[in-house]
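Listed here are the chains, written in short residue letters.
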Amino acid sequence: MHGESASHVLLGWNAAWVASLLFAGVYALIIAEKLNRAILALLGAAMLILCGVLTQEAAFRGIDFNTIGLLMGMMLIVGITAKSGVFQYLAIWSAKKVQAKPMGVLFMLAMVTAFLSSLLDNVTTVLLVVPVTLLITEELKVRPYPFLIAEVLCSNIGGTATLIGDPPNIMIGSLVGIPFNDFIYNLTPVVLVVLGVSCVPYYFMYRKELVTTDEARERVMAFNESEAIKDHRLLQQALIVLALVLAGFFTSRLTHLEPATVAMGGAALLLLLDNFTRSAEEQGEQVQKAFAEVEWVTLMFFVGLFILVHGLETSGVIRSMAERLLEATKGDRTTTVLAVLWGSAILSAFIDNIPFVATMIPLIKSMAPTFGGEQGLMPLWWALSLGACLGGNGTLIGASANLVVAGLAERAGQPIRFVTYMKTCFGLMLLSIVVCHVYIYWRYL
Amino acid sequence: MKIGEIMNRAPVSVRMDQTFGEAFRVLVETGHKFLPVVDAEGVYHGNFDLKDVWGVLLPKAARLDRKSIENLAFVPSSLEKMKDKLADASGDLVEKYVTRSDAPPLAPESPVIQGILMLDECGETLAVVDANTHKLVGILSATDVLNALR
């Protein structure tokens, strides 16, 4: 690994110190939220190369294009699919299934959010579900706050269930090479338990508040969900492509196709189906619109981050951090796994879980010799995933989806405050980690 | 040529302390899409326009941002229901709805080309305000410019 770094670090400085200082500086500025995180990560990456810690070739080798490709492919597919109106359809259909009774609507919308989040990016999911939720709660004349909080929690819980549900899982799956099915086999069961367990206190917190009149319920029951579908042809095409993409993920072990290939292939196919009957001018416009849906800022953040973490890796910082963690846990696997679970959860409640997981992956990888090879690391990967994804529920700044919902709520005149949110959700997050603790201990240790 | 030479010097306006219902009636009766809002001293505070009326009629969720809800065909609606919504809002003060235009108000001394630039960017009608007192002195509409060009 050391061979990847540039031969001459600027002014003869120690490469490990330069990489650590740049990483810590970028991290601190990300937390301060004064500058956009993509700018900071790319600037940090450029400085790493300028200081001579990495050559440009080595920096590019640090970028995991599988993660970038998977994210980009799924963003394209979801952006095109959303135009069909299928997500609004699903939300209205689910609310009507429970006769528009407020508690039932809350439960159904939360489950729809969890389900969609397991297949789509969490931010995209809440952007699709929250406006319909506000529409329904306005008609029901109930406070949207409990609904929005349930959707925040379920977007993060649902996203934990699969490889493609949340960026930490995408990174773990891609950088460690864990197949899609293994995530479902190992994480989905505990995610279902967490969902069930979280419902109980939530029900008692809000059951008295969530009442409405029969007249208000009738207004929601009069919604015609089939009118929500704007483009039936596009819907059919999108459902076929989504089914193919999911089949591609499920069979990746047999086909040896990487997730990025499946997602990008699906996106290309959907673009083709959506455009082949259009004129060249229309195609140009449509493709432009489709690519505008890709969150380039997020992707560029990942690029910069991968380079920064690669700098830590090649300069030996990660190895030394791993050694210290193992010293602290005395090399005991049970203690290390549970420390990773709780540490990830608490830290992810306050800091961005993406750079945290990006740092933890090489750190955990370097523990392989201590824990008997790659197979011995599996409980650590599940602990990292569960802690980092579910920890995001702890505070309003814990995950991007939380902040997006808070922004939408503010604009709808229903602000969600940091302390109010934390009072409701930090305890629920700790409860979910207790469930995961028991699950990991029982299943793997 | 200056804006003051072609603007409408007797614009219909509403006061901050008038009600939504009164402002709505003025919009309907005059056929205007925009009304400048002033206080008792005639100082310009912003606009009351059709967007404020649409805001009352549309669900809040549809106005979060441009893409929040692009389709409301699934929500049953009737004229009676919309009239009820307008009736609910009719007692609100205009003050609650007044919005500042994206563009700074025009001054009568500004050149007409500046007015055309603002009309191109910000809509069909703009308030013209005295630069010192901020009192409303007129409005400049697309029709005023076209008439001047005839």
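Residues numbered from 1 in each chain as written. Chains lettered and ligands numbered in written order. Predicted model: local features only at pLDDT ≥ 70, side-chain atom pairs only at ≥ 80, totals over all residues. Heavy atoms only, no water.

What to know about the packing of aromatic side chains
Taken as a whole and assessed by the stated rule, the structure comprises 16 aromatic pairs over all chains. Centre to centre, the rings of A:Phe180 and A:Phe249 are 5.1 Å apart; their planes meet at 20°, and the pair counts as stacked. Remark: A:Phe249 occurs in helix H12 (residues 232-250) and A:Phe180 occurs in helix H10 (residues 180-206); sequence separation between them is 69 residues. Across the pair, exposure class does not vary: A:Phe180 and A:Phe249 are buried alike. Taking 6.4 Å as the distance between ring centres and 65° as the angle between the ring planes, the aromatic pair formed by A:Phe301 and A:Phe302 counts as edge-to-face. Neither A:Phe301 nor A:Phe302 differs from the other in exposure class; each is buried. Taken together through their ring pairs, the aromatic side chains of B:Phe20, B:Phe24, B:Phe48 and B:Tyr97 make up a single cluster. (Phe/Tyr/Trp six-rings, centres within 6.5 Å; stacked < 30°, edge-to-face > 60°. Helix = DSSP H or I, 4+ residues; strand = E, 2+ residues; numbered from the N terminus. Buried < 20%, exposed > 50% of the residue type's maximum accessible area, 1.4 Å probe, protein only.)

What to know about empty space enclosed by the protein
All names here are of chain A. A complete count under the given rule lists two cavities of 30 Å³ or more for this structure. In this model, the second largest cavity occupies a volume close to 30 Å³. Every residue lining the second largest cavity is listed: Phe 23, Val 26, Tyr 27, Ile 30, Leu 305, Leu 308 and Pro 355. Secondary-structure elements contributing two or more residues to the lining of the second largest cavity are helix H1 (15-32) and helix H16 (296-314). Top element by residues in the lining of the second largest cavity is H1. It accounts for four residues. For the lining of the second largest cavity, the residue count by class is seven nonpolar, no polar and no charged. (1 Å grid on protein atoms, 1.4 Å probe; cavity = no way out; pocket = protein on both sides within 12 Å on 5 of 7 lines; lining within 4 Å. Points joined across faces, edges and corners; volume = space filled by probe spheres on them. Nonpolar A, V, L, I, M, F, W, Y, C, P; charged D, E, K, R; others polar.)

Overview of the layout of surface pockets
Its volume calculated, the largest pocket comes out at about 1,600 Å³. Taken together, 47 residues make up the lining of the largest pocket; nearest its centre are B:Asp52, B:Gly55, B:Val56, B:Leu58 and B:Arg63. Elements that contribute at least two residues to the lining of the largest pocket include exactly helix H7 (122-140) and helix H11 (214-221) of chain A together with strand S3 (44-49), helix H3 (50-57), helix H4 (79-89), helix H5 (112-122) and strand S4 (125-129) of chain B. Taken together, the residues of the lining of the largest pocket sort by class into 15 nonpolar, ten polar and 22 charged.

Honestly, that's just the spatial picture; any functional story needs more than this.
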